[in-house]
Amino acid sequence: MIRSIIDAIEAYAPLRLQEDYDNSGLQLGFPDTPVSKVLVSLDISEEVIDEAIAKGCNLVVSHHPLIFRPLRSISGATWQQRCVIKALSEGIALYSAHTNLDNVRGGVNYKIAEMIGLSGGLEWLRPVCADEAGSGVIGELPCGEDAGEFILRLKEIFGVECIRHNCTQKKTIRRVALCGGAGAFLMKDALEKGADCFITGELHYHDFFDGEGMILVELGHFQSEQFTSCLLRDIIHESVPEVEILLAETQTNPIRYAL
């Protein structure tokens with residue numbers, strides 16, 4: 001049943017940990033529907049739903065919610081509306097684990113830290129729920145790295161065509177803070193906790209003036225969170241190993257780079 005998938009995800013990342021503005025959870029479908037296959041994707045798009053149809057999946061699990069703001073009509077006028085119509089007509093349920101998966105210990109930011117190779121105990125940049133959860137994490141590299149070389153290593157790990165960063169000033173990086181997606185709101189927290197470098201998916205122009213000697217690195221929203229699909233797959237498989245789980249092959253990053 002779809003309910004078993006929901007229970008697996010929410011046991012790992014309870015909905016109570018999501019931000020007030022968020023809309024995580026079951027967005028479309030019925031919990032008691034049997035599951036054929038599960039397609040996991042960072043985003044939901046018309047192409048992702050087409051892929052689910054082609055592969056015989058009747059549940060799409062995503063990180064970013066399709067229905068984030070209320071839909072005032074379902075007429076096919078927008079891509080979100082068309083996704084809802086197509087999913088309904090094809091019997092495909094939609095579920096999203098967004099900021100609850102960002103904020104939980106072992107969640108999205110822990111996955112990013114793992115990819116970078118941060119060692120030792122990770123700390124929250126901004127803890128909540130009596131340190132049970134939080135926004136962003138900070139940890140240390142096994143040894144100091146030249147800032148320029150570290151940024152190039154990030155470029156390779158995350159497959160980024162172009163990384164934006166501030167002046168490296170020949171700085172050595174050891175203590176690294178990070179937040180996947182739009183994490184600029186945590187810059188001050190990273191500074192206060194003594195980060196040599198702060199990595200996130202999105203920064204504004206004026207943010208780059210406010211580093212105060214801290215290296216700022218913008219990976220891109222999609223690039224910073226791309227491994228979330230693997231995290232969701234592993235969470236589901238751990239509790240429901242009998243269900244077939246597929247990682248979406250559809251490229252959902254809407255941003256292109258002219259090089």
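All figures in this text were calculated on a predicted structure; none of them were measured in a lab.

Basis of the calculations
- Residue positions are given per chain, counting from 1 as you read along its sequence in written order.
- Totals for whole chains, interfaces and linings use all residues, but because this is a predicted model, local features are given only for residues with pLDDT of at least 70 and pairs of side-chain atoms are given and counted only at 80 or more.
- Hydrogens and waters are ignored; side-chain quantities use all the structure's heavy atoms.
- A run of H or I in DSSP becomes a helix once it reaches four residues, and a run of E becomes a strand once it reaches two; helices and strands are each numbered from the N terminus.
- Here the globule rule reads 2.2 Å times residues to the power 0.38, and the radius of gyration is calculated from C-alpha atoms.
- Exposed residues in this analysis have more than 50% of their type's maximum accessible area, buried residues have under 20%, and partly exposed residues fall in between, with area computed by a 1.4 Å probe over protein chains only.
- Here, two residues are considered to be in contact whenever any of their heavy atoms come within 4.5 Å of each other.
- Each accessible area is a Shrake-Rupley result for a 1.4 Å probe, and residues are judged covered by the shown protein chains and nothing else.
- His is not counted, nor are the chain ends, whereas Lys and Arg count as positive and Asp and Glu as negative.
- Think of each charge as sitting on NZ of Lys, CZ of Arg, CG of Asp or CD of Glu.
- Think of it as the arc spanned by the lines of direction from the helix axis to the C-beta atoms.
- Salt bridge, as used here, is a side-chain nitrogen of Lys or Arg placed within 4 Å of a carboxyl oxygen of Asp or Glu.
- Side-chain rings of Phe, Tyr and Trp (the six-membered ring for Trp) are treated as a pair once their centres are within 6.5 Å; stacked means planes under 30 degrees apart, edge-to-face means over 60, and tilted covers the remaining angles.
- Between N-to-C directions, angles span 0 to 180 degrees; the directions come from axes that are lines fitted to C-alpha atoms, helices contributing only their stretch in contact.
- Note on terminology: angles under 35 degrees are roughly parallel, angles over 145 are roughly antiparallel, angles of 65 to 115 are roughly perpendicular, and the others are oblique.
- Take the far helix as your reference; a near helix turned counterclockwise from it by less than a right angle gives a left-handed crossing, and one turned clockwise gives a right-handed crossing.
- Throughout this entry, Asp, Glu, Lys and Arg are counted as charged residues, while Ala, Val, Leu, Ile, Met, Phe, Trp, Tyr, Cys and Pro are counted as nonpolar. The remaining residues, Gly among them, count as polar.

Asker: Explanation requested: the overall build of the protein in the structure shown.
Answerer: Check the secondary structure of the protein and you find 9 helices and 11 strands. A compact globule built from 259 residues should have a C-alpha radius of gyration of about 18 Å, and the protein, at 19 Å, falls within 12% of that. Looking at the protein as a whole, 51% of its 259 residues are labelled buried. Put simply, 64% of the contacts in the protein that link residues at least 6 apart link residues at least 24 apart. Surface summary for the protein: the accessible area is close to 12,300 Å², and the carbon and sulfur share equals 52%. Each charge sign in the protein was given a centre, from 22 positive and 37 negative side chains, and these centres are 3 Å apart.

Asker: Looking at this structure, I do not really get helix α1 (residues 2-12). What am I missing?
Answerer: Two residues of an α-helix separated by three or four positions point the same way, owing to the 3.6 residues in each turn. Taken together, the buried positions of α1 are occupied by I2, I5, I6, A8 and I9. Within α1, the buried residues cover an arc of 160° as seen down the axis, which keeps them to one side. Turning to α1, the residues buried within the fold contact β1 (25-28), β2 (37-41), β3 (59-62), β4 (93-96) and α9 (228-239).

Asker: Got a minute to help me understand the pattern of salt bridges in this structure?
Answerer: Tallied over the entire structure, the rule returns 14 salt bridges. Among the salt bridges present, the one from E218 reaches R164, with a minimum N-O distance of 2.7 Å. Taken together, the residues E218 in strand β10 (residues 215-218) and R164 in strand β7 (residues 164-165) connect sequence positions 54 residues apart. For R164, a relative accessible area of 40% puts it in the partly exposed group. Residues joined by salt bridges that share partners form a network here, namely E51, K55 and E249.

Asker: Explain the packing of aromatic side chains to me, please; I cannot follow it from the model alone.
Answerer: To describe a pair of aromatic rings, one takes the distance between the centres and the angle between the planes. Considering all chains together, one arrives at 4 aromatic pairs under this definition. Considering the side-chain rings of Y110 and W124, the 5.6 Å spacing of their centres and the 70° angle between planes classify their relative orientation as edge-to-face. Residue Y110 is found in helix α5 (residues 108-116), and its partner W124 is found in strand β5 (residues 119-128); the two are separated by 14 residues along the sequence. Here Y110 matches W124 in class, with each residue buried.

Asker: Can you walk me through the packing of α1 against α9 in this structure?
Answerer: Angle between the axes and distance between the axes: these two values describe a pair of packed helices. Running from amino to carboxyl end, α1 crosses α9 at an angle of 115°, the nearest separation of the two axes being 9 Å. Comparing the axis directions of α1 and α9 gives the class roughly perpendicular. You can see that α1 and α9 cross each other, and the crossing is right-handed. Contacts between α1 and α9 involve I5, A8, I9 and Y12 from the former and L231, I235, I236 and S239 from the latter. Split by residue class, the contact of α1 with α9 holds 7 nonpolar, 1 polar and no charged.

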